[in-house]
Amino acid sequence: MKNFFLSLKTTVWTLFGLICIFFLGSYLMPAHRDVHGSMNDQLLFQWVSETAVLHPWAASWFFLSLAGLALLTVNTVVCSVQAIRGKWSRADFLLRMAPQIVHIGFLCILLAHFLGAGWGYRLAGSLPVEMSARLPDDRVLFLNDLRPQIDSRGSLTGWAAEVVIFENGQRVAEGVLGPNEPLFYKGMGVYLKSFDLQDRPIAHLMVNRDPGAFWALFGSALFIVGATMILLLKWNRA
Amino acid sequence: MPFSFTLMETLLFILYPAALLRVRLIIPALLLHGWLVLDSAFRYGRVPLIGTRDTLGFLALALGAAFLAFRWNRKRDVAGPLVIALILAILAGSWVSPVMRGPLPPVLRTIWFELHVILSFVSYALFGLAAVFGILFLRGNAVQDEQDQYRCALLGYALFSLAMIFGGIWAHLAWGTYWLWTPKELWTTIVWFFYSLYLHARLVRGWTGRPVAAMGIVGFLIVMFTYVGVGLLMKSSHEF
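Below or above, wherever it landed, is the structure these notes cover. As the structure is a computational prediction, the values presented were derived from the model and not from experiment.

Below, the discussion takes up the environment of A:S152. All names here are of chain A. Considering the arrangement of structural elements, one finds S152 in the loop between β3 (139-150) and β4 (156-167). Among the residues examined, S152 registers a relative accessible area of 81% and is labelled exposed. Linking S152 and C108, residues 44 residues apart in sequence, is a C-alpha distance of 47 Å.

Right, here's the structure in full:
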């Protein structure tokens, strides 16, 4: 059994299986919009328990991909542990470490997805100007002002929404939301998705907390460091 | 689109084939092409990588530059006809695509988007060149072609991974998540899985050589479907 998890052929065939599963997913997602439509609007585990389990055929690709990723994770861990436990020589130290750094980065990114799928929160709602909304952790979000930025041709070039966050009645953070400019406070992000200016300006906001975000960034950095090392070390050896 | 600009685009169809005579003769075509890309950037005040016309044009430029870098020391190269044919086909695709004028949508005005898209297309070009080297290896069994395919795929994989990371950072800032479940993201992951498979398969005894070279060709077909096919057939977060 250990040989199975240690085998490079397991890696190759698992990756091939995942490619086939994702291919199936790319077909089933648009074919079953009613099932997959809410996949990005709520935490993934919530989507699984409320929607996916009720539609096992439409979501089959997702469950299969979880199984494939679990197998790939075990395969990656076993291979890396074996590589690190093997005999070391000074000459090939970097060449043996570099793939393991890539593997650790990959595992951190998977951990990030796991944490983001089950914990944290993802809230969406509309808030008129000079109104407030309750948030988790005894926080309150207040929308102070909302201004669209329109150029001389009438094209929308940006937007600015002034918001304030209160925690336990204290003003703890304030900022201006814009395109690609959310407001972060203790791991929570406030985003302006769109707005409505008809009678009274209303901001359509999203408030997220993703405990996996840090691990995704950390894993990505490790992945790139490892990949760059492999590139530099193997370029001339190829 | 000004007449002079169109004329110079047409000139590329004459300049690129000069590389068939000598690899370094691709330089005038690359200089003109690079200047057209920069001119477009300054004219519209944005990175000229929006829409099929811009991106295909940039892909052709990146492919030409990668070819020059990999075969700089060759006088005349057997890869030349295949690479030039691919560049001309991509340029023709760019030419018949509609022009996207005007400013960027606000959500695209960020360095993360620019890095994401530039690195994506540079990696696509490297995957394309890897496919060309794969075809040459299958025909002639020259070790140099197999090694060059590996180098192209490895560099392309590293840049593609970086492009995905920058895309994730941008998505986190724009939409509050570094990952969205859409067919485009699934196909992007398929590309990433496929080249991970390629790099691992090369280490499996008995798979090196022709099977892996063939994989490098299949990989580019998947890349092109991810770029063109998914955009045409499936709805995704990559529509603005």
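This part takes up empty space enclosed by the protein. Scanning the entire structure with this criterion turns up 3 cavities of 30 Å³ or more. Looking at the second largest cavity, its volume works out to about 180 Å³. If you go around the second largest cavity, you meet 14 residues; those closest to its centre are A:G116, A:R122, B:T177, B:W179 and B:W181. The dominant element in the lining of the second largest cavity, judged by the number of residues it contributes, is helix α6 (residues 93-118) of chain A, at 3 residues. Of the residues contributing to the lining of the second largest cavity, the split by class is 7 nonpolar, 5 polar and 2 charged.

Turning next to the packing of helix α2 (residues 8-31) of chain A against helix α7 (residues 183-201) of chain B. Angle between the axes and distance between the axes are the two parameters that describe a pair of packed helices. Taken N-terminus to C-terminus, the directions of α2(A) and α7(B) make an angle of 165 degrees; their axes are 9 Å apart at the nearest point. Taken together, the axes of α2(A) and α7(B) lie roughly antiparallel to each other. Regarding α2(A) and α7(B), the two cross each other, and that crossing is left-handed. Looking at the contact of α2(A) with α7(B) residue by residue, the classes come out as 18 nonpolar, 6 polar and no charged.

In this section: the pattern of salt bridges. What the rule picks out here adds up to 11 salt bridges over all chains. A:R139 is the partner of A:D137 in a salt bridge, and the nearest nitrogen-oxygen pair spans 3.8 Å. The exposure class of A:D137 is partly exposed, given its relative accessible area of 46%. Notably, a salt bridge pairs B:E146 with B:R202, separated by 3.2 Å at the nearest N-O pair. Residue B:E146 is found in helix α6 (residues 143-175), and its partner B:R202 is found in the loop between α7 and α8 (210-233); the two are separated by 56 residues along the sequence.

Strands in a sheet are paired, the pairing made by backbone hydrogen bonds, and the direction either parallel or antiparallel. Residue and element names in this part refer to chain A. With respect to topology, 4 strands assemble into an open sheet ordered β1-β8-β7-β6, the strand pairing being antiparallel. Each edge of the open sheet is held by one strand with a lone partner, namely β1 (121-128) and β6 (183-185). Along the sheet, successive strands turn relative to each other by an average axial angle of 25 degrees, direction set aside. Taken together, the 3 bridges between β6 and strand β7 (residues 188-196) define a ladder with antiparallel strand orientation.

Cut-offs applied
- Residues numbered from 1 in each chain as written.
- Chains lettered and ligands numbered in written order.
- Predicted model: local features only at pLDDT ≥ 70, side-chain atom pairs only at ≥ 80, totals over all residues.
- Heavy atoms only, no water.
- Helix = DSSP H or I, 4+ residues; strand = E, 2+ residues; numbered from the N terminus.
- Buried < 20%, exposed > 50% of the residue type's maximum accessible area, 1.4 Å probe, protein only.
- 1 Å grid on protein atoms, 1.4 Å probe; cavity = no way out; pocket = protein on both sides within 12 Å on 5 of 7 lines; lining within 4 Å.
- Points joined across faces, edges and corners; volume = space filled by probe spheres on them.
- Nonpolar A, V, L, I, M, F, W, Y, C, P; charged D, E, K, R; others polar.
- Axes fitted to C-alpha atoms, helices over the stretch in contact; angles between N-to-C directions.
- Parallel < 35°, antiparallel > 145°, perpendicular 65-115°, else oblique.
- Left-handed = near helix turned anticlockwise from the far one by under 90°.
- Salt bridge = Lys/Arg side-chain N within 4 Å of Asp/Glu carboxyl O.
- Pairing = 2+ DSSP bridges.

Honestly, that's just the spatial picture; any functional story needs more than this.
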